[in-house]
Every structure is written in structure tokens, then in C-alpha cells.
Amino acid sequence: MRTALLTLLLVALFIFSALPAAAVPVAQEIGPQAQSAPRFYVDITVDSGAEAQTLARLLPDWADALAAGAQRLILTPAEIGKLQTLGYQVTVVGLAPDAPDAWPACYNRLDTLYGWLYSYAAAHPNFVEVIDYGDSWCKQQGGCSTTGGQYLGGHDLLVARITNELAAGPKTGRLFIDSGLHAREIPTPELNKAFIETLVGGYGVNPDITWLLDQREIYLVLSSNPDGRALVELGLGTEPPYAGNPWYWRKNGNNSIAGSAACAWPPTSSSHYGIDLNRNHIFKWNVAGGGSTVVCEQDYRGPSAGSEPEIVAYENFVRSIIPDQRPPGDNDPAPADTTGFLINLHNVVSGGMILVPWGWTTALAPNNAQLVAITQKMRTTTTSPVYNWQYSLYAVSGNTRDWAYGELGIPAYVIELDGNDFFTSCGLLPNVVNNMLPLLKYAATISDRPYMRVYGPDARTVAASPASLPSGSSLTVTAQINDTQNGNQAIAAAELFLVRRGGVTPGDPGTGT
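Residues numbered from 1 in each chain as written. Predicted model: local features only at pLDDT ≥ 70, side-chain atom pairs only at ≥ 80, totals over all residues. Heavy atoms only, no water.

Q: Any chance you could explain the overall build of the chain here in plain terms?
A: On a plain count of helices and strands, the chain comes out with 14 helices and 15 strands. Classification of the 513 residues of the chain by burial places 54% in the buried group. Taken as a whole, the chain presents about 20,500 Å² of accessible surface, with 55% of it coming from carbon and sulfur. Taking the 30 positively charged and 45 negatively charged side chains of the chain as two groups, their mean positions are separated by 3 Å. (Helix = DSSP H or I, 4+ residues; strand = E, 2+ residues; numbered from the N terminus. Buried < 20%, exposed > 50% of the residue type's maximum accessible area, 1.4 Å probe, protein only. Areas by Shrake-Rupley, 256 points an atom, 1.4 Å probe, with all protein chains shown as cover. Lys, Arg positive; Asp, Glu negative; His and termini not counted. Charge placed at Lys NZ, Arg CZ, Asp CG, Glu CD.)

Q: In this structure, what is going on with the sheet that holds strand β3 (residues 90-95)? I would like to understand it.
A: Across a sheet, strands are paired by hydrogen bonds formed along the backbone, either parallel or antiparallel in direction. With antiparallel pairing, 3 strands are arranged side by side in an open sheet as β2-β1-β3. Bordering the open sheet on either side are β2 (72-75) and β3, each of which pairs with just one other strand. Mean inter-strand twist for the sheet, computed between neighbouring axes without regard to direction, equals 35°. Pairing of strand β1 (residues 40-44) with β2, which is carried by 4 bridges, proceeds in the antiparallel orientation. The residue of β2 that forms the bridge with Y41 is I74. (Pairing = 2+ DSSP bridges. Axes fitted to C-alpha atoms, helices over the stretch in contact; angles between N-to-C directions.)

Q: Where do I start with the sheet that holds strand β8 (residues 173-178) in this structure?
A: In spatial order, the strands read β4-β7-β9-β8-β10-β13-β11-β12; together these 8 strands make up an open sheet with mixed pairing. What marks the edges here is a single partner per strand, and that holds for β4 (128-135) and β12 (388-390). Neighbour-to-neighbour, the strand axes of this sheet turn through a mean angle of 25°, independent of strand direction. As paired strands, strand β11 (residues 353-355) and strand β13 (residues 412-417) are joined by 3 bridges and run antiparallel to one another. Following the sheet pairing, M353 is matched in β13 by E416. Against the sheet, helix α8 (residues 207-215) touches β7 (156-162), β8 and β9 (216-221), its axis set at about 90° to β9. (Contact = heavy atoms within 4.5 Å.)

Q: Got a minute to help me understand the side chain of T375 in this structure?
A: Here T375 lies in helix α11 (residues 368-380). On the accessibility criterion, T375 (0% relative accessible area) is buried. Residues within four places of T375 in sequence aside, it is in contact with I354, V356, W389 and Y413.

Q: How should I be thinking about the pattern of salt bridges in this particular structure?
A: Note that side chains of opposite charge can pair when their charged atoms are close. For the structure shown, the criterion picks out 22 salt bridges. We note a salt bridge from D64 to R279, for which the minimum N-O separation is 2.7 Å. Residue D64 is found in helix α3 (residues 63-67), and its partner R279 is found in the loop between α9 (226-234) and α10 (309-321); the two are separated by 215 residues along the sequence. On the basis of relative accessible area, D64 is assigned to the buried category, the value being 12%. (Salt bridge = Lys/Arg side-chain N within 4 Å of Asp/Glu carboxyl O.)

Q: Would you explain the packing of aromatic side chains in this entry?
A: Centre-to-centre distance and the angle between the planes together describe a pair of aromatic rings. Tallied over the full model, the rule gives 21 aromatic pairs. Centre to centre, the rings of F176 and Y314 are 5.3 Å apart; their planes meet at 75°, and the pair counts as edge-to-face. With F176 in strand β8 and Y314 in helix α10, this pair connects stretches of sequence that are 138 residues apart. Taken individually, F176 and Y314 each receive the classification buried, so the pair is uniform in this respect. (Phe/Tyr/Trp six-rings, centres within 6.5 Å; stacked < 30°, edge-to-face > 60°.)

Q: How do you make sense of the pairing of strand β10 (residues 341-347) when you look at a structure like this?
A: In terms of burial, β10 is a largely internal element, 7 of the 7 residues being buried. Of the two faces of β10, the one carrying F341, I343, L345 and N347 and the one carrying L342, N344 and H346 are both buried. Two strands pair when backbone bridges link them, and β8 and β10 are joined in this way by 4 bridges, in the parallel orientation. Bridged to L175 within β10 is F341. Bridge analysis of β10 against β13 gives 6 bridges, and the strand direction is parallel. In the sheet register, I343 faces β13, and the bridge partner there is Y413.

Q: Please explain the state of the cysteines as it appears in this structure.
A: By definition, a disulfide is the covalent link that joins the sulfur atoms of two cysteine residues. Counted under the stated rule, the structure contains 3 disulfides. Covalent S-S linkage joins C138 and C144, the inter-sulfur distance amounting to 1.9 Å. Around the S-S axis, the bridge from C138 to C144 shows a dihedral of about 65° and counts as right-handed. (Disulfide = S-S within 2.5 Å.)

Q: For this particular structure, what's the right way to read helix α2 (residues 49-58)?
A: In an α-helix there are 3.6 residues to a turn, and that puts residues three or four apart on one side. In terms of burial, α2 is largely enclosed, as 7 of its 10 residues are buried. Along α2, the residues that are buried comprise G49, E51, A52, T54, L55, A56 and L58. Buried residues along α2 sit in contact with β1, α3 and α4 (77-85).

Q: Help me understand the confidence of the model for the chain, please; the structure alone is not making it clear to me.
A: For residues with low pLDDT, the predicted coordinates do not support detailed interpretation. When pLDDT is averaged across the chain, the result is 89; 92% of the residues are at 70 or more. Low pLDDT, under 50, characterises residues 1-35; the predicted model gives this stretch 53 contacts beyond four residues in sequence or across chains. (pLDDT = per-residue confidence, 0-100.)

Q: In this structure, what is going on with the nonpolar core? I would like to understand it.
A: Considering soluble globular proteins, one finds that nonpolar side chains tend to be buried as a cluster. Residues I44, I162, F176 and I196 are the most contacted members of the largest nonpolar core, which totals 137 residues. Ranked by residue count, the leading element in this core is helix α13 (residues 429-445), at 10 residues. Aside from chain neighbours lying at most four places away, what touches I162 is F127, V128, I196, L199, V200, L213, R216, E217, I218 and L220. (Core = buried A, V, L, I, M, F, W, Y, C linked by side-chain atoms within 4.5 Å.)

Q: Honestly, α11 in this entry has me stumped. Any pointers?
A: In this model α11 runs 19 Å from its N-terminal to its C-terminal C-alpha over 13 residues, within 8% of the 18 Å that 1.5 Å per residue would give. Looking only at α11, the buried set comprises N368, Q370, L371, V372, A373, I374, T375, K377 and M378. (Expected span 1.5 Å × (residues − 1).)

Q: I'm lost on a nonpolar patch on the surface in this one. Help?
A: A cluster of nonpolar side chains, V462, L469, L475, V477, L496 and L498, forms an exposed patch at the surface whose accessible area comes to about 490 Å². Along the polypeptide, L475 turns up in the loop between β14 (458-465) and β15 (476-482). Since its relative accessible area comes to 36%, L475 is described here as partly exposed. (Patch = residues over 30% accessible without salt bridge, like charges linked within 9 Å, V, L, I, M, F, W, Y side chains within 5 Å.)

Q: Would you mind showing me how to read the environment of P246 here?
A: On the secondary structure map, P246 appears in the loop between α9 and α10. A relative accessible area of 0% means that P246 is categorised as buried. As for P246 and A52, which are separated by 194 residues in sequence, their C-alpha atoms are 28 Å apart.

Q: Looking at this model, I keep getting lost on the packing of helix α5 (residues 110-123) against helix α7 (residues 187-202). Mind explaining?
A: When two helices pack together, their arrangement is given by the angle between the helix axes and by the axis-to-axis distance. With their axes 12 Å apart at the nearest point, α5 and α7 run at an angle of 15° to one another. On the basis of the axis angle, α5 is roughly parallel to α7. In this structure, α5 meets α7 at a crossing whose hand is left-handed. For the pair α5 and α7, the contacting residues are L113, W116, L117 and Y120 in the first and P189, E190, K193, I196, E197, V200 and G201 in the second. Residue classes in the contact of α5 with α7 are distributed as 7 nonpolar, 1 polar and 3 charged. (Parallel < 35°, antiparallel > 145°, perpendicular 65-115°, else oblique. Left-handed = near helix turned anticlockwise from the far one by under 90°. Nonpolar A, V, L, I, M, F, W, Y, C, P; charged D, E, K, R; others polar.)

The structure is reproduced here in C-alpha cells:
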């Protein structure tokens, strides 16, 4: 049946491709499709930011991917036919996986993630501290009920602080990474969980990780939108209105806005109540139409800037660990010695994508050269695939990376994970996670002075001989100092610091050997 359908689609594609190119049509939203419909990988030619924005209105599920420059999507036959009818050039690549009809076995449920985090912290008290940094919308209300009458008690907002508490310090760099801001993007919490395990399990085993936990503080959020995640999982019930499959819920759980009751119930991916938390930050909120004003749409910006408790708590916590270092003007750069780093994890873009500030405007950020240099270096840490990078193709305001860079001045990025769905197939998840871990470690490494360190050479293949020796004996240290991925500048000198595990932070340049 699917082979026959694919053949019909390819025939239809051939017929449409023979027609002259059509002008970009007026947006007419394609309605939500039944999750049981067959789905196909398609390539869509997008020639401009305006065309990407029009397509985003037609395909709201893929709005963020289109803003990030994606041209390979997963669509149903009805969506493909509609786009072709409107004159778009659509190439069917092949069958895509079905939407899940049960919870994928490789993903943890929210309660399991929270329980694991507390247990892991209790087992590693010198490396993991769990911080409650606020309450979700439903918890702030004392509990909430869905349109269908289901009760949600709400959740604490938790961040894991990862560092060696026994190290002499001082800690000189801080990296903050959040996941699950868009609730249905369930690979992102799994990546942060794996990063926690990699860091803690690597201390005393891997020299680079040992150094990181002695010198840095790394803050990781497993779910910055736990009410939304609970609503994703609510669809797993077996009695109506549930069908046993997770819901593609993106936003938070706020159903207090006028018009919320008119949103689809059971929810669809493109019609459900709540606020898009990645359109609700206070910096440049609702500038240039960067978020929807329609409450049921999935990028609804909220009634006011920072209206949601999840965003208030997010911003307040990050401010508490990273100082404001950039002057207030849009064209004012942050200083070269800015400290701190932020990554906002999302998915999905086929092949992976790193998004650079700004999102609210097509103008370049005042620290654009440094931001792009860091992006290019991060790309070199990925292998299969090597991630691409992009500015937003059209205005997306009130977003996380713009807030973190715009207010604090720190390098801040959205990373759209590679994958094949919001619920990336379990067979692909290990590679998605493992491909990203070196990038996250690099971000932590340069987080003390990212705008400066990105231009410094790399010390590679560092080795000491002999591996152990008595006090007073000679030690030979060799390393390759390489700048080919940092501007290919001439290397003037290199310094060596010998630091005991957990010892004091190395001194400034010029104080080493």
C-alpha cells in the first residue's frame, strides 16, 4: 500500500514539476493531520526568508525548522498535495517513520527523569546539586485542569549544578544548558541527562573532564517546561479522548487566556492552549511580529513580555549565576572578557543546526564575529553529521538566545538537534546524543572567556612520561599546539601548568612554565 502511494506521489510530483514556477501564494494554513496518516521525507525549495515565513504559516509544526533554514521536512500526503497545488516545488525523498503510537522505550518519562536526578545527586553529592529555581504555571496556581477535565498538579523547576565541590577553585566559567522548553522535543532532556552522566562518570578518569569539573560550573535543566511535558505524556491513556500515543504539545500549561477553551481538544500539534515559552522572554518581545497573537497557535507569544512563571524563573536564575556585561544599546558589543555561555536545546532539523543571534532582526549582532567564530569551532566538534549554522531566516522575537545575548552579552545559541521527528526514532537517538557531547564539553571549556578563548590555539595530544614517578624526578610533557581551526594564526608561545586534581585554578597567562 505504501509503495503504491509513494509511486503515485512521485508521478504527481513529475506532473507538477513540468509546470512553470508559481509565485509564492497567500498563506492558507494546512489543517492538522491525523497522526495515523503515512508520512514522507520531502525536500522543499525555499528561496527567501519571506517564503520560509509563508511556509511556516502553512506548516506550523515546522516553523522553527524553517526559520533555521531547514528544507527537509516530514509531511503527510495531504500536506504534500496542498503545497504542490499552491505551486511549491516539493520532492518526495522516501517514507518517514510513523508517529509513535506508544511511548518510545528509549525515552524517560518526566517523573522518571526527576526521580533519577534526585537519586543521582544523592549518590554523587560532591558533584551534583539539585536546585529548585521556581514553579511551573500549574503549580503556581495550586494545580490546574485541562479542557477535558484532567488534573495537573504542576511541577518544580529544577536545575542540576555540576562541579567538583571539593576543588580549591575559584570556579572561573559557567555554562547553562536548558532542554525541553518546547515540551514535545523529547530528545533534548535525554542529551542533558547523558551530559550529566558523562561529566560525573568521567571525573578522575578523563583528564579533560576532571579539569572541567575542577574549574567550571555547569548548569543543566532536564525540563524547563514540565507542565507541557506532562501534557505530552497525557495522551498515553487508553480511554477516550486518549489514543495511547503521546501528544505533540509544544507550549506550557497556561489555559487562563481568553479563547483557550476554543483550542482543539484532544489537542493537535498546531492547535492547543498555552504560551510558547520561546516567544515569551522580555528582550524584544513581540518585535517585528516574531510570535503569534492567536492563543491556539503553537507560537503564541503570551499576553505580555515575561508573563509566564517558567520564563520569569529562567531569567532570574541565569541572572543569578551570570552577570549583565553588555551595554543596553542594540549596537553595543559585549566586552572581550565577557564570561558565561548559554545553550538552548531544541529539535528537530535534519542534519542539525546551530542558530546564532539575532533572531528578532536580520541585522548582525554587535559581537557577530566572535559569535560566528564560536559557532564555527563548535561545528568542528560534531562529526556525523557535521552541524550547519544559520541566522534566523525571518523574525523570531522573545526567544531565549536573543535574551541571553541581548541582556547579558554572553554567547547564546539555539541548537536544533539532528533527527527524524520531534520524537526521534530510538535507533537514531544514541548517535544524536554522542555527536553532541564534545560540543557541550567545548562550550564548558571556553565558558570563562569565550570571546577570547575561541581565537586561542588548541593543545592536542598532550602526554606525560613517565605516567608516574617519585617526588623530585623529571617529567617530560609533550603536546601539539594547533591553530588551524581558530584562525590559523602564528603561535607565539605555549605555557604549561601542573595542577593537582582538585587543586587551585591556574594563574593568568605568563605565570606558567
